[in-house]
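Descriptive analysis of the structure
Chain by chain, the residues run as shown.
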Protein chains: 2
Amino acid sequence: TSHSDEGGGWQDGEYFGSYNTMKLHLEMLQDKPRNTAYFTAIQQNQHRIQDKVVLDVGCGTGILSMSAVKHGKAAKVFAVEASEFAKQTQALIEANGMADSIHVLEGKVESMKLPEQVDLIISEWMGTFLLFEWMIESVILARDRWLKEDGVIWPSHATLYLVPCSAEELYQTKVGFWESVHGFDFSALMPLAKEEFFHTPLYNHVMKTEDCLSLPQKILQLDMKTVTGSELEETTHHFEYTLNKAGTLHGFAAWFQVDFAGFHGDASEPFVFLNTGPDYPLTHWKQTLFMMDSPITVDQGDTLDGTVTIERNKVWRRHLRVNLEYSFTSITTKDIKVFTKLFPIWR
Amino acid sequence: TSHSDEGGGWQDGEYFGSYNTMKLHLEMLQDKPRNTAYFTAIQQNQHRIQDKVVLDVGCGTGILSMSAVKHGKAAKVFAVEASEFAKQTQALIEANGMADSIHVLEGKVESMKLPEQVDLIISEWMGTFLLFEWMIESVILARDRWLKEDGVIWPSHATLYLVPCSAEELYQTKVGFWESVHGFDFSALMPLAKEEFFHTPLYNHVMKTEDCLSLPQKILQLDMKTVTGSELEETTHHFEYTLNKAGTLHGFAAWFQVDFAGFHGDASEPFVFLNTGPDYPLTHWKQTLFMMDSPITVDQGDTLDGTVTIERNKVWRRHLRVNLEYSFTSITTKDIKVFTKLFPIWR
Ligand SMILES: [Ca+2]
Ligand SMILES: [Ca+2]
């Protein structure tokens with residue numbers, strides 16, 4: 001495999017030809033909340049999946065396709081995988097005696113010809129900050145082209161959350177540390193440290209619920225049955241947070257929830273969901289942390305009023321930029337400060 | 001900074017122009033056993049360093065140079081740094097009021113002209129498996145060119161250790177896992193997992209003393225006052241290990257010790273040392289693990305008889321290869337099995 005950019009702005013070489021194939025699969029397959037959500041959704045809906053035709057977009061090892069057959073009793077699964085790993089997937093399907101029902105198709109779903117429309121699309125397309133990698137576009141295209149009118153897409157909904165938060169330990173470890181290093185004054189390096197560590201969001205951050213300084217807000221809500229690619233090119237959400245405790249505001253944390261509904265006539269029927277926030281068991285997505293350049297001391301009742309804009313990169317099509325612009329108002333002094341920072345993920 | 005290979009086989013662009021400058025300095029400066037060893041050696045030898053001239057090869061933030069002045073009361077320090085970070089070093093020296101005694105010199109020590117010979121060379125040149133990065137060659141050259149006849153070089157000695165060991169948890173997490181994944185047979189992926197995870201040594205491994213299946217052996221012993229660059233191009237050590245417990249042999253672990261002796265007329269005088277093995281507090285070097293392709297069950301009294309060859313890469317001059325060749329003899333069955341594996345670090 002190579003890291004060539006054959007796909008132009010799509011960086012397909014970079015994306016599909018990873019040097020760390022097994023590492024990435026391992027990470028996903030060892031992510032229990034992730035797998036449990038998909039398996040449970042399939043199992044609980046077995047009576048609806050039975051004898052149906054399924055399309056698995058970006059099937060990887062084929063684990064969801066196998067689950068659709070074993071737990072869902074699907075009649076047929078088209079398992080599409082763009083990377084060369086598809087050859088391994090085929091071997092695994094055969095080793096598990098499912099070659100009759102699961103058809104592994106190597107190639108991009110965009111150029112795939114299927115012999116029929118499907119009843120269910122399953123895909124695990126979510127990346128850092130939900131959208132990074134922009135695999136969602138392949139899923140949307142597969143839906144438009146191959147999903148039956150009354151078909152179901154899983155996940156059925158995706159919601160992105162953002163919350164102002166504290167990250168004291170991280171800040172001290174990476175930036176505060178330089179203030180005094182073994183008795184020497186290294187504070188001249190603090191700007192360099194901020195630039196290097198906080199220029200892009202931290203995608204490996206693990207936060208606690210008590211780090212949240214307010215209730216989270218939904219900054220993006222997608223109905224996967226209807227969302228279009230062009231809607232996602234640029235989205236702006238206006239927020240107004242009232243801080244519910246005193247502390248230090250270091251930045252903002254983001255996570256997402258995806259739902260597995262859609263088969264249900266009755267909307268009140270409980271559905272399976274996967275939430276990657278701090279109130280739920282840790283997943284391989286962890287939380288995404290946007291560190292502002294300087295921490296500020298805040299009081300309960302202080303407010304943050306502004307916008308978060310998510311802008312897909314026009315050249316590097318799997319990348320995006322997140323722009324945070326807001327004014328901070330102190331409830332006691334009524335002082336207003338304005339903050340703005342643009343975070344690339346990763347270009 | 002860029003990752004260009006301007007230095008040819010030396011990869012100086014890759015080596016000196018890291019994107020992770022602050023991350024690397026942070027890792028070193030937060031490594032307490034590392035810093036304590038250097039500081040203690042300087043402090044304990046203050047009466048010998050006082051009013052002397054010191055050369056710090058690859059000074060980084062200048063922390064060792066500052067320590068030589070503050071704790072050692074050195075008269076003058078030449079702090080040589082090949083990367084552009086030297087500009088930051090200069091700012092730090094000034095901020096700490098040491099610009100009169102510490103002279104920051106930007107450039108490679110190989111092309112440096114010093115106004116005088118020095119009494120003491122200090123350097124933290126050790127990399128993964130002691131030798132990786134091969135910064136030792138710059139230190140040897142600096143010694144030959146700039147150290148007084150009766151001068152001292154720190155570290156004064158370096159010893160590399162190797163021990164056969166068990167790494168059960170790692171093996172199960174990375175390779176054993178594939179045997180059965182959520183009830184599916186994924187064992188066809190085990191060879192790929194071994195190749196991806198165990199092709200090169202693991203340089204981030206943390207082992208416990210009880211993972212050792214024998215006493216460690218010294219496979220390389222360097223007297224820094226006399227060692228030459230050409231001696232290090234290829235070294236072979238013959239080993240014979242008798243396993244001191246039953247268990248599973250997964251491979252070999254390596255770590256090093258460096259000593260800070262050399263000022264002492266009396267060789268029995270205690271000296272400071274830094275040991276990166278499992279019996280000592282963890283350092284940022286952790287341990288280096290060489291995983292063989294298949295674990296074998298071993299008994300107390302079984303023997304491993306063979307060689308370890310360390311061969312510097314002739315093209316990529318900062319890289320090396322470690323070749324392990326040995327026969328395993330079972331004490332009970334007298335069966336003999338032969339094993340061999342060549343590990344690149346990293347090319
Ligand atoms: Ca993903
Ligand atoms: Ca080093």
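Coordinates for the structure precede this section.
A brief look at the structure comes next.

What counts and how
- Residues numbered from 1 in each chain as written.
- Chains lettered and ligands numbered in written order.
- Predicted model: local features only at pLDDT ≥ 70, side-chain atom pairs only at ≥ 80, totals over all residues.
- Heavy atoms only, no water.
- Helix = DSSP H or I, 4+ residues; strand = E, 2+ residues; numbered from the N terminus.
- Rg over C-alpha atoms; globule rule 2.2 N^0.38 Å.
- Buried < 20%, exposed > 50% of the residue type's maximum accessible area, 1.4 Å probe, protein only.
- Contact = heavy atoms within 4.5 Å.
- Areas by Shrake-Rupley, 256 points an atom, 1.4 Å probe, with all protein chains shown as cover.
- Lys, Arg positive; Asp, Glu negative; His and termini not counted.
- Charge placed at Lys NZ, Arg CZ, Asp CG, Glu CD.
- Axes fitted to C-alpha atoms, helices over the stretch in contact; angles between N-to-C directions.
- Parallel < 35°, antiparallel > 145°, perpendicular 65-115°, else oblique.
- Nonpolar A, V, L, I, M, F, W, Y, C, P; charged D, E, K, R; others polar.
- Expected span 1.5 Å × (residues − 1).
- Polar contact = N/O pair within 3.5 Å; in protein donor to acceptor, adjacent residues only side chain to side chain.

With that out of the way, let us pick up the overall build of chain A. When helices and strands are counted, chain A shows nine helices and 15 strands. Taken over C-alpha atoms, the radius of gyration comes to 22 Å for chain A, in line with the 20 Å a tight globule of 347 residues would show. Its C-alpha atoms give chain A principal-axis dimensions of about 70 × 50 × 35 Å. Out of the 347 residues belonging to chain A, those deemed buried represent 55%. Look at the contacts in chain A between residues 6 or more apart in sequence, and 74% of them connect residues 24 or more apart. Here chain A displays about 14700 Å² of accessible surface, and carbon together with sulfur accounts for 50% of that area. Looking at chain A, you have 30 positive and 46 negative side-chain charges, and the mean spots of the two groups are 3 Å apart.

Right, let's get into the packing of helix H9 (residues 190–198) of chain A against helix H2 (residues 21–29) of chain B. Contact geometry of H9(A) with H2(B) gives a least axis separation of 8 Å together with a crossing angle of 110 degrees. Our classification of the angle between H9(A) and H2(B) gives roughly perpendicular. Each of Leu192(A), Ala193(A), Glu196(A) and Phe197(A) in H9(A) lies in contact with H2(B), whose residues at this interface are Thr21(B), Met22(B), Lys23(B) and Leu26(B). Among the residues making up the contact of H9(A) with H2(B), the classes are represented as five nonpolar, one polar and two charged.

All names here are of chain A. The end-to-end C-alpha separation of helix H3 (residues 32–44) is 17 Å, in line with the 18 Å expected for 13 residues at 1.5 Å each. Within the span of H3, buried status applies to Arg34, Asn35, Ala37, Tyr38, Phe39, Ala41 and Ile42. You can read the cap of H3 off the contacts: a side-chain oxygen lies 3.2 Å from the backbone nitrogen of Arg34, and it is on Asp31.

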